[in-house]
Amino acid sequence: ALAGPAGGLVIRNLSCVSGAVCTAIDQATHGLTRLSRTTNAGAHWSAPRTLAWALNATTVLDCVSAQNCYVATTSAQHLVTLRETLNGGATWRTVATPATWTSLSSLNCDTTCTALVSNATGSSVAVQYKLKWVATPLKFTASAMSCVTPTTCLVVGHQANQSAAMAKWQLIGLSDVSLSYVPTPLTNVACEPNLCVAVGVTTTVALQP
């Protein structure tokens, strides 16, 4: 078992760009939200940087490199803010996002950012194109997304009747994935280049995208 960043209570988010280089967002005493980096698979961590703007906000973390990371926060008023750092968290810039977004729950920014978002009408996959976001609405309530490539992602969640739902998103469009013997909603998904695995309360589903 490896220790987390010094003084931390719980790690909230983790993003790894290799087997050894990872960035973590954790929570410390007094509600402080902090960013730390390891280059040796968690044996040692950098001195944590406090993210004052992430206090009491839900965060999503995605790192393209050890220095280049994106953090999304959703306030109690359902205001989504996306920020980017190019220097390991020393400074941040705000990335423009639509004011209609009420949550951002998954993010992949390998070449351009692809996000799983919600608004008043439901869930969508939104991709950043130049200075705009182009959204593809989903037919179900989504809980998580993981990307195989920058242009192919798998989204999981549930239908209105609480049955499991899965769809493959590509730049060319959205396609439903047929599921059998999956009795509960799917809550999370993770993808490698040739395999995706989704989980629910009682079920694990593997798919070759």
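Please refer to the structure placed before this passage.
Residues numbered from 1 in each chain as written. Predicted model: local features only at pLDDT ≥ 70, side-chain atom pairs only at ≥ 80, totals over all residues. Heavy atoms only, no water.

## A few points about the overall build of the protein chain
Part 1 of the reasoning: From N to C terminus, the protein chain includes zero helices and 19 strands.
Part 2 of the reasoning: A compact globule built from 209 residues would reach a C-alpha radius of gyration of about 17 Å, and the protein chain, at 17 Å, matches this within 12%.
Part 3 of the reasoning: In terms of overall dimensions, the protein chain has a C-alpha envelope of 45 × 40 × 30 Å along the principal axes.
Part 4 of the reasoning: Counting over 209 residues, the protein chain shows a buried share of 42%.
Part 5 of the reasoning: Taking as baseline every contact in the protein chain between residues at least 6 positions apart, the subset at least 24 positions apart corresponds to 31%.
Part 6 of the reasoning: When the accessible surface of the protein chain is totalled, it reaches about 10,900 Å², and 55% of it is carbon and sulfur.
Part 7 of the reasoning: The average position of the 10 basic charges and that of the 6 acidic charges among the side chains of the protein chain differ by 8 Å. (Helix = DSSP H or I, 4+ residues; strand = E, 2+ residues; numbered from the N terminus. Rg over C-alpha atoms; globule rule 2.2 N^0.38 Å. Buried < 20%, exposed > 50% of the residue type's maximum accessible area, 1.4 Å probe, protein only. Contact = heavy atoms within 4.5 Å. Areas by Shrake-Rupley, 256 points an atom, 1.4 Å probe, with all protein chains shown as cover. Lys, Arg positive; Asp, Glu negative; His and termini not counted. Charge placed at Lys NZ, Arg CZ, Asp CG, Glu CD.)

## A closer look at the side chain of Thr152
Part 1 of the reasoning: Turning to its location among the elements, Thr152 is positioned in strand E14 (residues 152–158).
Part 2 of the reasoning: With sequence-adjacent residues up to four places away left out, Thr152 is seen in contact with Cys147, Lys168, Trp169 and Gln170.

## Thoughts on the nonpolar core
Part 1 of the reasoning: By size, the foremost hydrophobic cluster in this structure holds 15 residues, and its most contacted members are Tyr70, Leu82, Trp101, Leu104, Leu107 and Trp133.
Part 2 of the reasoning: Apart from residues no more than four positions distant in its own chain, Leu104 is found in contact with Val60, Ala72, Thr74, Val80, Ala115, Leu116 and Val117. (Core = buried A, V, L, I, M, F, W, Y, C linked by side-chain atoms within 4.5 Å.)

## A short note on the environment of Thr136
Part 1 of the reasoning: Within the secondary structure layout, Thr136 lies in strand E12 (residues 132–137).
Part 2 of the reasoning: For the pair Thr136 and Val156, spaced 20 residues apart in sequence, the C-alpha separation works out to 15 Å.
Part 3 of the reasoning: Residue contacts for Thr136: discarding those within four places in its chain leaves Ser124, Val125, Trp169 and Leu174.

## Examining the sheet that holds strand E18 (residues 195–200)
Part 1 of the reasoning: If you trace the three strands from one edge of the open sheet to the other, you get E17-E18-E19, paired in antiparallel fashion. The open sheet has two edge strands, strand E17 (186–192) and strand E19 (204–207), and neither has a second partner. In this sheet, neighbouring strand axes are inclined to one another by 15 degrees on average, regardless of whether the strands run parallel or antiparallel.
Part 2 of the reasoning: As paired strands, E18 and E19 are joined by four bridges and run antiparallel to one another. Paired with Ala198 across the bridge in E19 is Val205. (Pairing = 2+ DSSP bridges. Axes fitted to C-alpha atoms, helices over the stretch in contact; angles between N-to-C directions.)

## Digging into the packing of aromatic side chains
Part 1 of the reasoning: Inspection of the entire model under this criterion finds two aromatic pairs.
Part 2 of the reasoning: With a centroid separation of 5.1 Å and 75 degrees between ring planes, the pair formed by Trp53 and Trp92 is classed as edge-to-face. In this pair, Trp53 sits in the loop between strand E4 (49–50) and strand E5 (58–63) while Trp92 sits in the loop between strand E7 (80–85) and strand E8 (93–95), placing the two residues 39 residues apart along the sequence.
Part 3 of the reasoning: Consider the rings of Trp101 and Trp133, whose centres lie 5.0 Å apart with planes at 75 degrees: the pair is edge-to-face. Placement of the pair is Trp101 in the loop between E8 and strand E9 (103–108) and Trp133 in strand E12, with a sequence separation of 32 residues. For the pair Trp101 and Trp133, one class covers both residues: buried. (Phe/Tyr/Trp six-rings, centres within 6.5 Å; stacked < 30°, edge-to-face > 60°.)

## Comments concerning a nonpolar patch on the surface
Part 1 of the reasoning: Together, Leu195, Val197 and Val199 line one region of the surface with nonpolar side chains, adding up to about 190 Å² of accessible area.
Part 2 of the reasoning: Here Val197 is to be found in strand E18. (Patch = residues over 30% accessible without salt bridge, like charges linked within 9 Å, V, L, I, M, F, W, Y side chains within 5 Å. Salt bridge = Lys/Arg side-chain N within 4 Å of Asp/Glu carboxyl O.)

## Examining the pairing of strand E16 (residues 173–176)
Part 1 of the reasoning: Of the strand pairs in this sheet, strand E15 (residues 164–170) and E16 are connected by four bridges, and their pairing is antiparallel. Within E16, the position partnered with Ala167 by the bridge is Asp176.
Part 2 of the reasoning: The antiparallel hairpin formed by E15 and E16 contains two residues in its connecting segment.

## Points about the state of the cysteines
Part 1 of the reasoning: Counted according to the given criterion, the structure contains five disulfides.
Part 2 of the reasoning: Between the sulfur of Cys16 and that of Cys22 lies a disulfide, 2.0 Å long from S to S. Of note, the bridge from Cys16 to Cys22 carries an S-S torsion of about 105 degrees and is right-handed in sense.
Part 3 of the reasoning: A residue is classified by how much of its surface remains accessible, and Cys22, at 8% relative accessible area, is buried.
Part 4 of the reasoning: Across a sulfur-sulfur distance of 2.0 Å, Cys63 and Cys69 are joined as a disulfide pair. (Disulfide = S-S within 2.5 Å.)

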